[in-house]
Amino acid sequence: AGAAAVAYQHCVEVSGVVETFAHDDMQKDILICHTHKKNMTDLVAHMQKSFWEFHDVKGPSIQEKVLHATAAVDFAGRSALVPAAFSPPRCILKDAITPEEESLQELYKIVNQHLQAQPVPFSPGKNSRSKAKFFYSLDRELVIKMVRKEEYDVLWGLAKDCTYHRRLSEDGMGSLLDGMGSLLNQILLALTDSGQHWIIMRAEKLPSVIEQLLPEGSWRRDFHLDIKPGNMVSDREALALAVMQERMLMGGYLAPGMDTVLANLEKDLVYIDSKGLIDYSLLLYGSVLRRTDDDDSYTFFSSSKRLGSETKMHKMRKRWLEEMVEMTPNCGMQCSTRPANLIDVSGLLDASITKHLDWHGVSYQCCCFSLRPGDSALMQSPCVLVQVESGAANSGCGRFGKRFHSYHRPSVGGRCLVEMRGRGGWAPWHDFHFLDPAVLARDRGNYLVPGEVRVQSCTLMCAAIIDYLMEKSFVKHVEEIGLAPWYGEKKWTDYGEKTLHLLKCVVGGEPPLDAEDSQGSLLETLLAKSPPWHNPQVALSWNDCMDVFPTFTAEEDAAVVKNLVVLVL
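Residues numbered from 1 in each chain as written. Predicted model: local features only at pLDDT ≥ 70, side-chain atom pairs only at ≥ 80, totals over all residues. Heavy atoms only, no water.

Undergrad: Tell me what's going on with empty space enclosed by the protein, and back it up with residues and numbers.
TA: Any space left empty among the atoms is revealed by the rolling of a water-sized probe across them. Evaluated as defined, the whole model comprises 2 cavities of 30 Å³ or more. Roughly 80 Å³ of internal volume is contained in the largest cavity. Taken together, Lys145, Glu151, Asn185, Ile187, Ile199, Met201, Ile466, Asp467, Tyr468 and Leu469 make up the full set of residues lining the largest cavity. Residue composition of the lining of the largest cavity, by class: 6 nonpolar, 1 polar and 3 charged. (1 Å grid on protein atoms, 1.4 Å probe; cavity = no way out; pocket = protein on both sides within 12 Å on 5 of 7 lines; lining within 4 Å. Points joined across faces, edges and corners; volume = space filled by probe spheres on them. Nonpolar A, V, L, I, M, F, W, Y, C, P; charged D, E, K, R; others polar.)

Quick look at the structure:
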């Protein structure tokens, strides 16, 4: 008490992430101050040295490594030896396609713009088997990765004959950070320092102009998944399940929006296969926009012709987004829709008796059919409100077929969901008469029109080929033979064909549509012969893509159907 206050003139702010015992990452910011500048300078140097040692980075910091390498870069096409630093996309050819001075200036620009601050370490996730060190530039524009010597040598093999440069520039070469045409994730710089090998590459993310046009909100769901063919460790099953659920709900085919992406992938795979490369991944990233009750969401998807400035701006925003995606060769976008015409009338029914509902002196029973995988894509109405005649000998739902049960049975979902059919209602089938749930809604002041409410979504998807520096060797050949019983096949044989097939199925694989002949049965009025969005020109059959998509269950179909309920009574 009474001691004189010390004026701290030199401070450093230390930021980082602390992992707690509960495994929750917490951002921490600490301010450290001292009266002597040298003490603070020494502290910062010591902390930086400890940081790099902790992450097993030998020699100088990554920023210094990159700066030195940029100044000493060698160019493909000029040297037969594996250099200590080279820029794979830059190639000095006899016709001087890429002037050396221009290339160096662009590399310097990247270093100055993106690697001034200390890079941030990150984990690539559960699918990475190499346990390589990864860092982001602070602005998340670049990824710095430690690679094995054999991968470094493979990269030089791609670069030295200028074929890497030719593939990247085949459809027009943008800047080192933009690129054009090829889906190969551009490796901008490779370097060797202190016995370690590093590559600097673009961080795969949406182009900034597209990111700016994408709306914010809970109705936007982003994804960033890497997939591989077959049973190899990847996010394939998670992506395939999400894609197929969207497809069963409202189509969701990504063709023709992804046609350019598929064409570019095919060119890249021809090049990769010619170099004997295997085990690469397809990185798929983007956003799913789903229409909700959110005002911004409603306006974004609205077909309103009003010219109010806000509505007009949102409509223009959607159109601009589609146009910008169309101009981006590694991205595609497709929107889809389906009318939500189901009314849940379960709250009006009495499951304890056969006559579930009495309406204006007439009795009705709710009968539903059990869903089979893929039925949600064809389904028009999972249940019917059928009139029960007094004294009928057989009034059970089983009279319509073995798949029909009373609505409260778990086998049919436990809810009575019936399609409203609007003017004219449900037409009789044979001697059976049905009640349109729209009349029950009108009795309670809800005047709904079929097709007025729709489920709508847009999927924006971009693709990149990553981790493409493994050569198929004799050792790898022996490995795939030994693991064939586990994977069910030789996992790297025809790897390019399998990868192309994988993306084609993600883009246009059909749901598992049931081929059961429903002609002449009540099911004929409840299931369409094919989905309304079916397009045989872009779709691959379920049998064609069974190796890509996981097995679907009736529960997953039921989850899809719930999205089509517009009103609960």
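Undergrad: Explain the state of the cysteines to me, and be specific about the residues and the numbers.
TA: Within the structure shown, the criterion is met by 6 disulfides. The disulfide bridge from cysteine 366 ends at cysteine 416, spanning 2.0 Å between sulfur atoms. Across the S-S bond of cysteine 366 and cysteine 416 the torsion is about 105°, and the bridge reads as right-handed. Taken together, the positions of cysteine 366 in strand 16 (residues 362-369) and cysteine 416 in the loop between strand 18 (404-406) and strand 19 (417-419) put the pair 50 residues apart, joining distant regions of the chain. What makes cysteine 416 buried here is its relative accessible area of 0%. Between the sulfur of cysteine 367 and that of cysteine 397 lies a disulfide, 2.1 Å long from S to S. (Disulfide = S-S within 2.5 Å. Helix = DSSP H or I, 4+ residues; strand = E, 2+ residues; numbered from the N terminus. Buried < 20%, exposed > 50% of the residue type's maximum accessible area, 1.4 Å probe, protein only.)

Undergrad: Give a description of the packing of aromatic side chains that names residues and reports values.
TA: Per the counting criterion, the structure on display carries 17 aromatic pairs. Ring centres of tryptophan 219 and phenylalanine 300 lie 5.7 Å apart, and the angle between their planes is 55°; this geometry places the pair in the tilted category. One end of the pair, tryptophan 219, is in the loop between helix 6 (208-213) and strand 10 (220-227); the other, phenylalanine 300, is in helix 9 (residues 295-301), and 81 residues separate them in sequence. The pair tryptophan 219 / phenylalanine 300 is uniform in exposure class, with both members buried. (Phe/Tyr/Trp six-rings, centres within 6.5 Å; stacked < 30°, edge-to-face > 60°.)

Undergrad: Which residues make up the nonpolar core, and what values go with them?
TA: Ranked by internal contacts, the top residues of the largest apolar core, which has 111 residues, are Leu385, Phe404, Cys416, Ile465, Tyr468, Leu503 and Phe549. Here leucine 385 is in contact with Val345, Leu349, Tyr364, Gln365, Cys366, Cys416, Val418, His433, Phe434, Leu435 and Leu440, once residues within four sequence places are set aside. (Core = buried A, V, L, I, M, F, W, Y, C linked by side-chain atoms within 4.5 Å. Contact = heavy atoms within 4.5 Å.)

Undergrad: Run through a negative patch on the surface, naming residues and quoting values.
TA: A contiguous patch of negative charge, built from Asp293, Asp294, Asp295 and Asp296, is present on the exposed surface. Assignment of secondary structure puts aspartate 296 in helix 9. (Patch = residues over 30% accessible without salt bridge, like charges linked within 9 Å, V, L, I, M, F, W, Y side chains within 5 Å. Areas by Shrake-Rupley, 256 points an atom, 1.4 Å probe, with all protein chains shown as cover. Salt bridge = Lys/Arg side-chain N within 4 Å of Asp/Glu carboxyl O. Lys, Arg positive; Asp, Glu negative; His and termini not counted. Charge placed at Lys NZ, Arg CZ, Asp CG, Glu CD.)

Undergrad: Tell me about the side chain of glutamate 204, and please be specific about residues and values.
TA: Of note, glutamate 204 is situated in the loop between strand 9 (196-202) and helix 6. In this structure, glutamate 204 is buried with no salt-bridge partner, the nearest side chain bearing the opposite charge being arginine 202 at 4.2 Å. Beyond its immediate sequence surroundings of up to four residues, glutamate 204 is in contact with Asn185, His224, Leu283, Tyr285 and Ala464.

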